[in-house]
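# Secondary and tertiary structure notes
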Protein chains: 2
Amino acid sequence: MTSLYLIRHGIAEERGTYPNDDDRPLTDEGKKKSRQVAKRLHSLGLHFDLMQTSPLVRARQTADIFGDVFNTDPLTSELLAPSGDFEQWLSWFQTWCQQHGSSRSSLGLIGHEPDLSAWAELLIWGEAKGTLVLKKAGVIGLAVPEQEAIAANCLLFLLIPPKLLI
Amino acid sequence: MTSLYLIRHGIAEERGTYPNDDDRPLTDEGKKKSRQVAKRLHSLGLHFDLMQTSPLVRARQTADIFGDVFNTDPLTSELLAPSGDFEQWLSWFQTWCQQHGSSRSSLGLIGHEPDLSAWAELLIWGEAKGTLVLKKAGVIGLAVPEQEAIAANCLLFLLIPPKLLI
């Protein structure tokens, strides 16, 4: 099964502190915790064949930290910005799985709430009801089926706040 | 919100090694990992107002380890044995929440798969589809609503295998 990790950006400056909300950066604590989480996941043997990130500064900075720790170069996707189009991303992901999918494949997404939780619910349950609690720098891990449709057929094997990783 | 932790028993002797499967005990590794998980959760500030355990030896031993670490005495409940009656347990839990529920209340259940995952799904989504992966000595954490019906209204904030806790 392909593994899909949905990672929320780290702690960022308060809303309203930047003229354009997209520009809000991580705080020093947010950078530190994001790096600690990335290092812990790396030490546990995780790898990423590909990382995708929202273009917003707080996500891009989190992705750069993960990219540094995992020695990979995260790609920016507009679909991971707030209110991004899940169906369009899913269509891309299905193609990616057909081309790259194997029992060891792993994709990482770095983005925002409530979108990441909602996407996870759609992948697990086919419906988003707001039932998952994903903290900043927290991680959701999904096992993606190889033979079936992806939506509503993924298994949830990990949902963890950063304090349990650092 | 009351917190509900569903904890799977640790690694036990292989199936078929005991005349009565209920008697299979934890292996030494199972005991060690269960204690490490309990200690980590304790160090993170978790507490349990009450712990309930399946009467089967592998669960009872896991519960005794948690009881030792958390300085509590887990109560045995037949409802937590394999194929235990969820609706009957839920009825008990609703009463317990009315009597003991507060923002700091915490209940721990120690039992078996696939029951614990199925119970968690019923509490989160109202339906059990086998979408959660709970490893031995793994933990599910749910936030239980105070004002609504409990089934299908809980939030999932934690799903973690032991290797991320030890």
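Residues numbered from 1 in each chain as written. Chains lettered and ligands numbered in written order. Predicted model: local features only at pLDDT ≥ 70, side-chain atom pairs only at ≥ 80, totals over all residues. Heavy atoms only, no water.

Along chain A, the regular secondary structure elements total four helices and six strands. What you see in chain A, going N to C, is helices and strands ordered as β-α-β-α-β-α-β-α-β-β. For a compact globule of 166 residues, the expected C-alpha radius of gyration is about 15 Å, and chain A comes in at 15 Å, within 12% of that figure. Taken across its 166 residues, chain A has 54% of its residues classed as buried. Entry remark: accessible area of chain A is about 7,300 Å², with carbon and sulfur atoms responsible for 46%. (Helix = DSSP H or I, 4+ residues; strand = E, 2+ residues; numbered from the N terminus. Rg over C-alpha atoms; globule rule 2.2 N^0.38 Å. Buried < 20%, exposed > 50% of the residue type's maximum accessible area, 1.4 Å probe, protein only. Areas by Shrake-Rupley, 256 points an atom, 1.4 Å probe, with all protein chains shown as cover.)

This next bit is on the UniProt feature "binding site: substrate" (unreviewed entry) in chain A. Residues and elements named next belong to chain A. The sites that UniProt annotates as "binding site: substrate" (unreviewed entry) are R58. One can find R58 in helix α2 (residues 57-70). Assessed through its relative accessible area of 4%, R58 is described here as buried. (UniProt positions renumbered as here; feature names shortened; annotations may be inferred.)

Before going further, it helps to spend a moment on helix α1 (residues 28-43) of chain B. For an α-helix, the turn length of 3.6 residues means that residues three or four places apart are oriented alike. Taking 1.5 Å of rise per residue, 16 residues should cover 22 Å, and α1 of chain B covers 22 Å from first to last C-alpha, within 8% of that figure. Contacts from the buried residues of α1 of chain B go to α1 (28-43) of chain A together with α2 (57-70) and β5 (139-144) of chain B. A positive backbone phi angle near 95° is found at G45 of chain B, which sits one or two residues after α1 of chain B. (Expected span 1.5 Å × (residues − 1). Contact = heavy atoms within 4.5 Å.)

Before going further, it helps to spend a moment on the pattern of salt bridges. Summed over all chains, the structure comprises 12 salt bridges over all chains. Note that R15 of chain B is salt-bridged to D21 of chain B, the shortest N-O span being 3.5 Å. In this structure D21 of chain B comes out as partly exposed when scored by relative accessible area, which is 21%. Linked by salt bridges that have partners in common, R15, D21, R24 and R58 of chain A make up one network. (Salt bridge = Lys/Arg side-chain N within 4 Å of Asp/Glu carboxyl O.)

Turning our attention to the interface of chain A and chain B. Between chain A and chain B, the residue contacts involve 22 residues of the former and 23 residues of the latter. Here chain A packs against chain B, burying approximately 2,000 Å² in sum over the two surfaces, 64% of which is carbon and sulfur. Ranking the residues of chain A by area buried against chain B places W125, T131 and L164 of chain A at the top, with a combined share of 35%. There are zero salt bridges connecting chain A and chain B. For the interface between chain A and chain B, the tally reads seven residue pairs in polar contact (both at pLDDT 80 or more). The biggest single contributor to the side of chain A that touches chain B is strand β6 (residues 155-160) of chain A, with six residues. In the side of chain A that touches chain B, the residues fall into 16 nonpolar, two polar and four charged. (Buried area = accessible area lost by both parts, 1.4 Å probe. Polar contact = N/O pair within 3.5 Å; in protein donor to acceptor, adjacent residues only side chain to side chain. Nonpolar A, V, L, I, M, F, W, Y, C, P; charged D, E, K, R; others polar.)

All names here are of chain A. It is at 9 Å that the axes of α1 and α2 come closest, and there the two elements cross at 35°. Crossing geometry of α1 relative to α2 is assigned as right-handed. For the pair formed by α1 and α2, the contact residues are K31, S34, R35, V37, A38, K39, L41 and H42 on the first element and Q61, T62, I65, F66, D68, V69 and F70 on the second. A class-by-class count of the residues in the contact of α1 with α2 yields seven nonpolar, four polar and four charged. (Axes fitted to C-alpha atoms, helices over the stretch in contact; angles between N-to-C directions. Left-handed = near helix turned anticlockwise from the far one by under 90°.)

Another aspect to go through is the nonpolar core. Among the nonpolar cores identified, the biggest contains 56 residues, and L4, W89 and L142 of chain A together with L4, W89 and L142 of chain B are the most heavily contacted of them. Apart from the residues within four sequence positions on either side, L142 of chain A is in contact with T2, S3, L4, L6, A120, L123, I124, C154, L155, L156 and F157 of chain A. Of all hydrophobic cores here, the second largest spans 40 residues; its members include V37 and V69 of chain A together with V37 and A59 of chain B. (Core = buried A, V, L, I, M, F, W, Y, C linked by side-chain atoms within 4.5 Å.)

Further remarks concern unusual backbone geometry. Residue and element names in this part refer to chain A. P114 follows E113 through a cis peptide bond whose omega is 5°. Notably, S83 is not glycine yet its phi reads approximately 60°, a positive angle. Relative to the elements of secondary structure, S83 occurs in the loop between β3 (75-76) and α3 (86-100).

In this fold, Q52 of chain A is placed in strand β2 (residues 50-53). If we skip the residues at most four places from it in the chain, Q52 of chain A touches L75, S77, L80, W89, W92, L107, G108, L109 and I110 of chain A.

Here the focus is the pairing of strand β1 (residues 2-8) of chain A. Residue and element names in this part refer to chain A. Among the seven residues of β1, seven are classified as buried, and the element is accordingly described as predominantly covered. Judged by which residues are buried, β1 turns out to be covered on both faces: T2, L4, L6 and R8 on one side and S3, Y5 and I7 on the other are all buried. Pairing analysis gives six bridges linking β1 to strand β5 (residues 139-144), with the strands arranged antiparallel. Looking across to β5, one finds that Y5 is bridged to G141. As judged from the six bridges shared by β1 and strand β4 (residues 106-111), these two strands associate in the parallel manner. Bridge pairing links L6 to L109 in β4. (Pairing = 2+ DSSP bridges.)

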